[in-house]
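# Structure at a glance
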Amino acid sequence: MTKSNYEIGRSLVSFAFQTDLANNLPSEKISMSKMVDDFVAKVRSEEPTEFELPDIPGVEPVPLHHLGRGLWGDIKRRAKWYLSDYVDGLNNMKSVSKSISATVFLFFACLLPSIAFGSLNAGTTRGAITVQKTIIAQSFGGLFFALFSGQPIVILLTTAPLALYISIIQDLADRYEYDFLSFYGAVGIMNVVFILIYVMINLSKLMKFSTRSIEEVFGLFITCAFCKDALKHISEFFEDYYKSPSINITGSSGPANDPNTVQTYCVLNSNGSVPDSCPQIIDSYDLVASRDKALLALILAIATAWFGLQISSFRKSPYLLGWMRELIADYALALSVIVFSIIGSIGFNDIKLEKFAYVPRAEIKLEFTSGIVDLPGSAWAWATLLGFCLSLLFFMDQNISAALVNTPANKLKKGAAYHLDLLVVALINIPLSLFGLPWIHGALPHSPLHARALADVTEKVEEGHVTETVDFVRESRVSGVLAHILIGFSLFAIPTPLTSIPKPVLDGLFLFLGLSGLAGSQLWERMLLIITEQSAYPPNHYIRRVPQKSIHLFTLCQFLMLLVLGIIGFYPYPYLKMVFPIIILLLMPARHFLIPKIVPEKYCQAMDNAE
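Residues numbered from 1 in each chain as written. Predicted model: local features only at pLDDT ≥ 70, side-chain atom pairs only at ≥ 80, totals over all residues. Heavy atoms only, no water.

For the rest of this paragraph, the subject is the overall build of the protein. Regarding its fold elements, the protein presents 22 helices and seven strands. Going through the 611 residues of the protein one by one, you find that 51% of them count as buried. (Helix = DSSP H or I, 4+ residues; strand = E, 2+ residues; numbered from the N terminus. Buried < 20%, exposed > 50% of the residue type's maximum accessible area, 1.4 Å probe, protein only.)

Given below as structure tokens:
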């Protein structure tokens, strides 16, 4: 059991009595118990008990009446680094290699989810927001952010919560007979208005109260969301194909060459037998539903995620040379998607799995939403309410993504720019709203994974545990710029290999992104400690300083936060998602006012500040 400071003190003094150190102790007869108590009392008096918030680069406490002061500070801080943001990604061969591998990672990690969410939005909006529009939004928004943001390592993406907001907007538009695109544009404009207010009043300084524990709770929620979506799609394959296998048979009820013979169809019985009503002569058959499809979908999804995770950890293996291992690991996601797309499409070409519903040469219609000025007052009232809730989601997602990139463990040198980044996101979403394109904001786990892709790391072994430490991260715009240019070019690819990627491979990609987000998560590590033998505990900073009971209580509090987020975020009632950003905001007062009543604040800080 982990000892408290008091117990450690007693052990140290007891040891002193039993060694030569006892010769230096007072000669008077003093009871051992009293001496221990005096010693520990002195130690306790030197321990910090006052609660001090950690300083976050780029978030300075400025008076609210100094409008835009935080934004101006971000601009001054980051402007001097603008040229080096490009040079640092190209100044040597190692940096060039890292920039190329990060570009390939971003291309797959951003494009494929964009296609998935674009397909979802196309169904929700009855074709008003299509896959092509989603790719345009990703390419334009991502490129603009990479060029003009304060922290270009942050990656923007349209997300599942945004897709849910779009479904709510479509539902309200149908109920009150508003033009959807006009109503969508109004909500987007009101969202931008609120974000601009947040920028001008320096609201991002609230991120000083966002601790590591809060960010990791939200990060683990995103991991659960990616895994949930992937498993949901796989379960649908089993629902459609495994439970009721059937084959459509095309045949004739008479002689095969008789022109008067009528072509008919039949479906096999659930046990695979042919019913009496089937044609006497079978001309062809179409495998509509088969258990083979369900099993292949499961294998491809799990194998894509597993292979990607194994390749990404290849740098820890003893095989090949160090630079070779790192080069292979940098392309883990791309290799995994390509390999299992080939296996699914060519190796099992007799099993027809669903591919992406993506036609790159389809006509793209971008029309300015001029009807926004003709909306009635009730539509603007709804737009204001939805825009406010949406702005809170933007504020929290964007800033938490930036905070996880700017974590001290990444050792960034150029400083953060929360206010500037939020302004750039607002400017990006103005044309997206007015042209019926899906909104985008900072995304997890893409942003911290991008930082990891640009990093040099070293491994150290301590008491049998291998840990990775970031030496430095190339704070470069190169990979973000190149990746989003390539995403834009994918619209005009003739032909495109994207149409050959089976959908289960996308589910594997989601699993890979979700599980990759667990790396370095202290919350996940502490959750595993509950079922880990104590002798196998890693020699982490907080384990040495915090009693075991406090560690588990703190982890339980974080788990309860995660549970609340999961209930609100995954509940099937879509309108409940409107309060989801407020729940995220409430995590901060819960951490600073409720948890310290359960776990002493000094121990909370020890776990929040541990690297």
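For the rest of this paragraph, the subject is the state of the cysteines. The full count for this structure, using the stated rule, is zero disulfides. Distance from the sulfur of Cys224, which forms no disulfide, to the nearest cysteine sulfur (Cys227) is 6.8 Å. (Disulfide = S-S within 2.5 Å.)

In this section: the packing of aromatic side chains. Inspection of the entire model under this criterion finds 18 aromatic pairs. Consider the rings of Tyr198 and Phe395, whose centres lie 5.8 Å apart with planes at 75°: the pair is edge-to-face. Of this pair, Tyr198 sits in helix α8 (residues 180-200) while Phe395 sits in helix α13 (residues 377-405), and the two are 197 residues apart along the sequence. Tyr198 sits in the buried class, given a relative accessible area of 6%. (Phe/Tyr/Trp six-rings, centres within 6.5 Å; stacked < 30°, edge-to-face > 60°.)

Right, let's talk about the pattern of salt bridges for a bit. Under the criterion given, the structure shown has 17 salt bridges. For Lys94, the salt bridge goes to Asp456, with nearest N and O atoms at 3.3 Å. Here Lys94 is found in helix α5 (residues 93-124), whereas its partner Asp456 is found in strand β6 (residues 455-462), with 362 residues between them in sequence. Owing to a relative accessible area of 36%, Lys94 belongs among the partly exposed residues under this scheme. Here Asp229 makes a salt bridge to Lys228, at a shortest N to O gap of 3.9 Å. Residue classification places Asp229 among the buried positions, given a relative accessible area of 19%. Judged by relative accessible area, which is 34%, Lys228 ranks as partly exposed. (Salt bridge = Lys/Arg side-chain N within 4 Å of Asp/Glu carboxyl O.)

Turning our attention to the side chain of His446. Residue position: His446 is located in helix α15 (residues 446-453). Classification of His446 as buried rests on a relative accessible area of 0%. A polar side-chain atom of His446 sits 2.9 Å from the main-chain carbonyl oxygen of Ala109. Sequence-distant contacts of His446, defined by excluding residues within four places in its chain, comprise Phe105, Ala109, Pro113, Ile155, Leu157, Phe226 and Leu513. (Polar contact = N/O pair within 3.5 Å; in protein donor to acceptor, adjacent residues only side chain to side chain. Contact = heavy atoms within 4.5 Å.)

Quick look at α15 now. Burial analysis of α15 places six of its eight residues in the buried class, which makes it a mostly covered element. Those residues of α15 not exposed but buried are His446, Ser447, Leu449, His450, Ala451 and Ala453.

Turning our eyes to something else, we now look at the layout of surface pockets. When its volume is computed, the second largest pocket comes out at roughly 1200 Å³. Along its surface, the second largest pocket is lined by 49 residues, and Phe117, Leu120, Ala160, Asp229 and His233 are the ones closest to its centre. When residues of the lining of the second largest pocket are traced back to their parent elements, those giving at least two are α5, α7 (160-176), α9 (212-242), α13, α17 (503-516), α20 (548-570) and α21 (580-594). Here the element with the most residues in the lining of the second largest pocket is α9; it accounts for 13 residues. For the lining of the second largest pocket, the per-class residue count stands at 29 nonpolar, 10 polar and 10 charged. When residues of the lining of the second largest pocket are sorted by domain, at least three fall in each of domain 1 (67-232 + 364-499) and domain 2 (521-610). (1 Å grid on protein atoms, 1.4 Å probe; cavity = no way out; pocket = protein on both sides within 12 Å on 5 of 7 lines; lining within 4 Å. Points joined across faces, edges and corners; volume = space filled by probe spheres on them. Nonpolar A, V, L, I, M, F, W, Y, C, P; charged D, E, K, R; others polar. Domains from an automatic or database assignment.)

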